[in-house]
Structures are given as structure tokens and as C-alpha cells.
Amino acid sequence: MGLFDAFRKSPKERRVEEAHRRAMKEDLEVYSGMRVEVTSGDSRIFLVARLLELRGDRAQLEPGADGSLMTRSDEPMKVTLRGYSSKAGRAVSMEGTIRMGAGKLWQLENLALVDRAENRANVRIETSISGGFTVDGRPGVPEESCTVRNMGMGGVCFSAQARRDVGDKLHLRVDRLLELDGTFLTCQILRIDARRPGYFEYGCRFVDVDEETERRLFRAMYALYHGLYS
């Protein structure tokens, strides 16, 4: 009888059951409390939130201070979540469906792990915006120009003529992003992605980000995500 029941189930019902089985097998509860970036394929959602009350393939999402930038909808919507789990020590990517919940909380269902890897945890948005940086601990040294190649809530990649080393701590300024006007983002070089005479491309992570800077960074990322800047 169970075999015939399986054939009678709709594709959606089978996908939901499969997501639940994967979630239970993966023991996703280890990621409860993790900060995640939430995005939808149609660009209706872009927010930073905290993953709460994770049980099986269900959880709640608590948006950060700028959660009001989301488009609320009565209909469930498929989303991708990306974050970094300090417990597991890895970047995590998950998929699920999101819908309105009580108060400011959102309900997450059909949660399934997509990828676990030692890679960057955040959405990176490709861009080409000029900026400048100074090296931490070197007061009086002139600012050096750079071009931001991509940016996410967790880090940035920029190119410059200046030769710097992995581990260097920098103060980065990004032009034309009104949300970050007057803000210097502190970042640390993790790798040199490209190098040739007079050209270096650096992959960096943000460090020492306070709540106000995170709020401004979120608004800048939202603007970039929705194509308000090129």
C-alpha cells in the first residue's frame, strides 16, 4: 500500500518529504543561531537574518535592523540562505521556502542543505566601483586607489596597483555608495587572487564591524543587489 501511496503523491509533496528526510539526516540543528544572508531568485528578498528554533527542516528567521527592506508576501517563496557556522567551522548554503510569521519573525520550511565548504559564506555582487584604502597602523601614509570587483556582507575583492601582503589590515573607502558615505570598512587580506606587473587583486574579509557599519553595509548591498548602482 505504501508504494501506491508514493505514486499518488504530487511532485510538491514528494519534494517536501525529501527535504525533510535530508534535513533530519544532516542534523541541521547545529546551525541554529547562525547569521545568514537570505536571497530569492527574483530579487524580491535580500536581507540579513538570524536562524532560530531550527527543528528538522523548519526554522524561524529573525531579520536584522533593516529587515523592513524585504518585500512581505502571503505566498511562500523559495530562498537561498548562506552563512558561516562557527560551530562547524565552515561556510554553509541552504535552500528552503519562507513565509510570513508572527511579529517580525519569518517561518522557514522545507529547509535542505545545499553545500558545506571552506569558502566564503556570503553572497558576492559583481561590480566595478572606485575607492581607496590605507594600511592600518601607518598614519600619514597617502591613500592608495583601488577598484572594488565584488562585495558581500562578509568581505570584498578589490584590485590595485599597490603590492600588499596576505594578513595586512586595511581601511577601505568605497565611492558612490551613499549608504557607506563617510564609512571606512576595515578588512584583512586573506589571499591574492591575481597578480601581474602593476596589478593585484585581493580577497578580503571584513573585521571589526560594529552594528552601525553593518547596517550601512546591508543598505549598500541591497542597493547593489537591486541594480541601483553599477
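What counts and how
Residues numbered from 1 in each chain as written. Predicted model: local features only at pLDDT ≥ 70, side-chain atom pairs only at ≥ 80, totals over all residues. Heavy atoms only, no water. Helix = DSSP H or I, 4+ residues; strand = E, 2+ residues; numbered from the N terminus. Buried < 20%, exposed > 50% of the residue type's maximum accessible area, 1.4 Å probe, protein only. Phe/Tyr/Trp six-rings, centres within 6.5 Å; stacked < 30°, edge-to-face > 60°. Lys NZ or Arg CZ within 6 Å of the ring centre and 35° of its normal. Pairing = 2+ DSSP bridges. Axes fitted to C-alpha atoms, helices over the stretch in contact; angles between N-to-C directions. Contact = heavy atoms within 4.5 Å. Salt bridge = Lys/Arg side-chain N within 4 Å of Asp/Glu carboxyl O.

**Observations regarding unusual backbone geometry**
Within the chain, Glu-53 stands out as a residue other than glycine whose phi angle is a positive 50 degrees. Residue placement: Glu-53 occurs in strand β2 (residues 46–55). One non-glycine residue with positive phi stands out, namely Asp-208, at about 55 degrees. Following the sequence through the fold, Asp-208 ends up in the loop between β12 (199–206) and α3 (211–225). For Asp-208, a relative accessible area of 60% puts it in the exposed group.

**A short note on the packing of aromatic side chains**
Using the criterion set out here, one finds three aromatic pairs in the structure. Relative to Tyr-202, the ring of Phe-158 has its centre 5.5 Å away and its plane inclined at 50 degrees; by these criteria the two rings are tilted. Remark: Tyr-202 occurs in strand β12 and Phe-158 occurs in strand β9 (residues 155–160); sequence separation between them is 44 residues. Neither Phe-158 nor Tyr-202 differs from the other in exposure class; each is buried. Summarising the aromatic geometry, the rings of Phe-200 and Tyr-202 are spaced 6.3 Å apart at their centres and angled 20 degrees between planes, so their arrangement reads as stacked. Side by side, Phe-200 and Tyr-202 carry an identical accessibility label, which is buried. Through a chain of ring-to-ring contacts, three or more aromatic side chains come together here, namely Phe-133, Phe-158, Phe-200 and Tyr-202. Of note, Arg-196 hangs over the ring of Tyr-199, and the distance from its end group to the ring centre comes to 4.1 Å.

**Some points on the sheet that holds strand β10 (residues 169–174)**
Here we have six strands rolled up into a closed barrel, ordered β7-β8-β9-β12-β11-β10, and antiparallel in their pairing. Looking at each pair of strands side by side, their axes are set apart by 45 degrees on average, direction ignored. Each of β7 (125–135), β8 (144–151), β11 (185–196) and β12 is contacted by α3, which is oriented at about 145 degrees to β7, the strand it contacts most.

**Let's talk about the pairing of β10**
Only one face of β10 is buried, namely the one carrying Leu-170, Leu-172 and Val-174, since none of Lys-169, His-171 and Arg-173 on the opposite face is buried. Alignment of β10 against β11, held across four bridges, turns out to be antiparallel. Along β11, the bridge assignment pairs Leu-172 with Leu-185.

**Description of the pattern of salt bridges**
The tally for this structure, following the rule as stated, stands at eleven salt bridges. A salt bridge links Arg-58 to Glu-109; the shortest N-O distance between them is 3.0 Å. Placement of the pair is Arg-58 in strand β3 (residues 58–63) and Glu-109 in strand β6 (residues 106–117), with a sequence separation of 51 residues. The class of Arg-58 is partly exposed, set by a relative accessible area of 47%. Overall, the relative accessible area of 16% leaves Glu-109 in the buried class. The partner of Asp-193 in a salt bridge is Arg-191, with the nearest N and O atoms 2.9 Å apart.

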